Amino acid sequence: MKLDQFSQGAFAGYETRLSDQPDAELTQVGPGTPCGDYLRRFWHPVFLARDLKDLPVALKILGEELVLFRDLSGKLGLVHQRCPHRLASLEYGKCEQRGIRCCYHGWHFDTDGTLLDAPGQPPHLNERLKRRIRLGAYPVVEYKGLIFGYMGPIAEMPEFPVFDAMAFEDMEMVPYQAPFRCNWLQVLDAILDPLHTSFLHSNIGRVQFSEGFGEVGQMDFFEKDNWLLGVNTRRVGGHIWLRVNELVLPNFTQAGSAFAADGTQRRLYGRSSFTRWVVPVDDENTLAIAWANFGERGDPPEWNTPEGPEVIEQGEVFDRTCEQRQRSPGDAEATEGMGRITVHQNENLVSSDRGITLMRKRLREQIRAVQKGESPARASATNSGAIPTYGGDTVLRISREDTPDESETLSQLAHEFMEMQYQADDLNEEERVRFVCEKLTELETQAAGSSHSE
Ligand code: FES
Ligand SMILES: [Fe+2]
C-alpha cells in the first residue's frame, strides 16, 4: 500500500483518541453535586404503588440509598436506608401502625423521620434521643398508581405538579417503569431526537412502531418557557402527520403514539402515549417511570398488555437475548451502548441534534442558577387549573403540493399547530380539545382551498 492511500484520513484508528471525561456538571446526580442539587428541587416518581406490598423496599434515587414503606395506617414513608443508631438497613424494618421499627434494636421512626421510641434506654435518655435523633425522610405523594418523592430542601418544596395529562379521563393510564443501565442524560436525550424513530425504530432492524416512522420528514424545534418541543412533520400520501415530542425541564417527557398513528388515517389532536419522568438512580443507572396512556387519543387499547408499555417505551420488550438485541436494537441498546456515562466531547452533533444542544444548554443554565442560590424555573398551572402539555400526534388530510420539496409547508404547519395549542393554554380540557380541533379543521380547509385555486 502506498502512503497516499492514507492521506484522506482513512485507517485513522491510531490517531483517533477519545476523551474519557464525561460532562460532570450535567451527569452527576448525587447529593451535593450541581445537577443533583437542581434535580432535588423537583418532585420525581420513585416507585410503582402496585409493587409496594407489606414489606419495605430498598431503592436508590439520585445516588441516595432509601427505603420506601407503607405503615399499617396506610401512610407512606420514604427514608434514608440506614438507621441512625448503628446503621442497620430499614429494608429489614417492621412496618408499624405508625411508621417503621428497625430490626436490630427496635428504634421506632415515624414516616417523617421523627424518632418515636428507642426501647431499652432509661426514660430520660429516651426523651433526649427523641429530641436529638432524626432519620432522614422525604415527603411523598401517591398519584394514580405512582409514588412521588421530593428530595430537596423543605423550605424550597414546590407544590406537587399536576400536568393536564395526569387527569385525562378518557385514557387508561397504566403505570410502568423501565430500567436503563446508563446515565440519565442519555435516556433524556432521545426525547428531543425525533430522527432516531426513523432509524432505530424503523429502518435498521425491524419496524418496531407503525410503518410511517420510516419517513424522516421535517423537524422543527420549539422553546417555550420550561418546555422544549421537537415536532416531526411527515408527508404520508394525502396526509400530513405532525408528531410532537415534549420535554418539560428537567425530566418530564411525552410523545405521540407508537401504534395509533402512521400518517395514513386522519387523527385530530391525539395526545401522548406516555406520561413519563426520566429519574436518575445514580450516575450510571436510570429509571423511566411513567404511565402508558391507552384510549382513542393515546395508544390503541389492544396494546394494553404486560408487554405493551415495554414496546412503547423502548421499541422492544425488555427481556431479550444478545442476538435479539443485535438484530433489532431498541432504545436500551442505543443508550446503554454509549457506555455508562457518555462523553459529550467525543460526539459530533449535527443539525438534527438541535433539540439536544438546546436541552443541554437550558439544563446547564438552570443548574448554574440553583448554584447561585436562585430557584429553578418550573412549569406552572395556567387558568385551566393544570400545567398544559403538548406531546401527541395529529394527522391532517392535506393533498400534496405540486412541488418536489414541501419542507417549508411542513415547517409552517408545525409552527401553526404549536401556536394554536399555546393559544388554548388557559382553556379546560374540553374547551381546549374543541378549540384545537376546530383550528385544525380550518387548516385543512384552507389548504384544500389554496391547492384548488392554484
Ligand atoms: S441499628 Fe437500628 S436500632 Fe440499632
Ligand atoms: Fe426511542
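Remember, predicted model here, so these are calculated numbers, not experimental data.

J.: Got a minute to help me understand the overall build of the chain in this structure?
T.: Helix and strand counts for the chain stand at eleven helices and 20 strands. Principal axes of the C-alpha set define a box for the chain whose edges measure 95 × 70 × 45 Å. Within the span of the chain, comprising 454 residues, buried residues form 41% of the whole. Pairs at least 24 residues apart make up 64% of the contacts formed inside the chain by residues separated by at least 6 positions.

J.: Sorry, what's going on with the pairing of strand β16 (residues 252-255) here?
T.: Regular strands place their side chains on alternate faces of the sheet. Covered by surrounding structure in β16 are Phe252 and Gln254 together with Thr253 and Ala255, the residues of both alternating faces. The turn linking strand β15 (residues 239-248) back onto β16 is made up of three residues. With four bridges joining them, β16 and strand β18 (residues 274-282) adopt antiparallel strand pairing. Note that in β18 the partner of Phe252 across the bridge is Trp277.

J.: What should I look at first to understand the environment of Gln412 in this one?
T.: Structurally, Gln412 can be placed in helix α10 (residues 407-423). On the basis of neighbour count, Gln412 is assigned to the partly exposed category, with 13 C-beta atoms found within 10 Å. Along the sequence, Gln412 and Glu316 sit 96 residues apart, while their C-alpha atoms lie 34 Å from each other.

J.: What is the right way to read the sheet that holds strand β7 (residues 108-109) from this model?
T.: The strands making up a sheet are joined through hydrogen bonds of the backbone, oriented either antiparallel or parallel. With antiparallel pairing, four strands are arranged side by side in an open sheet as β5-β6-β7-β8. In this open sheet, the two edge strands, each paired with only one partner strand, are β5 (94-95) and β8 (115-117). Pairing between β7 and β8: two bridges, direction antiparallel. Paired with Phe109 across the strands is Leu115, a residue of β8.

J.: Just to check I follow, could you spell out the sheet that holds strand β11 (residues 146-150) for this structure?
T.: If you walk across this open sheet you meet the three strands as β1-β11-β10, and the pairing is antiparallel. Unpaired on one side and paired on the other, β1 (43-48) and β10 (140-143) mark the two borders of the sheet. Between one strand axis and the next, the sheet turns by 30 degrees as a mean value, whatever way the strands run. Pairing analysis gives four bridges linking β10 to β11, with the strands arranged antiparallel. Bridge pairing in β11 places Val140 opposite Gly149.

J.: Sorry if this is basic, but what is going on with the domain arrangement of the chain here?
T.: Where interface size is quoted, it is often the accessible area lost as the parts come together. Considered domain by domain, the chain is made up of domain 1 (43-156) and domain 2 (164-453). The partner domain 2 presents 13 residues to the 14 residues of domain 1 that form the contact. Contributions of two or more residues to the side of domain 1 that touches domain 2 are made by β1 and β2 (57-61). For the side of domain 1 that touches domain 2, the element with the most residues is β1, which contributes four residues. Residue classes in the side of domain 1 that touches domain 2 are distributed as seven nonpolar, three polar and four charged.

J.: Help me understand the environment of Arg378 in this model?
T.: For Arg378, the position within the fold is in the loop between α9 (354-371) and β20 (392-397). Sequence separation of Arg378 and Pro306 is 72 residues, and the distance between their C-alpha atoms is 34 Å. Not counting residues within four places of it along the chain, the set of residues in contact with Arg378 comprises Pro158 and Asn226.

The rules behind each value
Residues numbered from 1 in each chain as written. Chains lettered and ligands numbered in written order. Predicted model: local features only at pLDDT ≥ 70, side-chain atom pairs only at ≥ 80, totals over all residues. Helix = DSSP H or I, 4+ residues; strand = E, 2+ residues; numbered from the N terminus. Buried ≥ 20, exposed ≤ 12 C-beta atoms within 10 Å, placed from the backbone. Contact = placed C-beta atoms within 7 Å. Pairing = 2+ DSSP bridges. Axes fitted to C-alpha atoms, helices over the stretch in contact; angles between N-to-C directions. Domains from an automatic or database assignment. Nonpolar A, V, L, I, M, F, W, Y, C, P; charged D, E, K, R; others polar.

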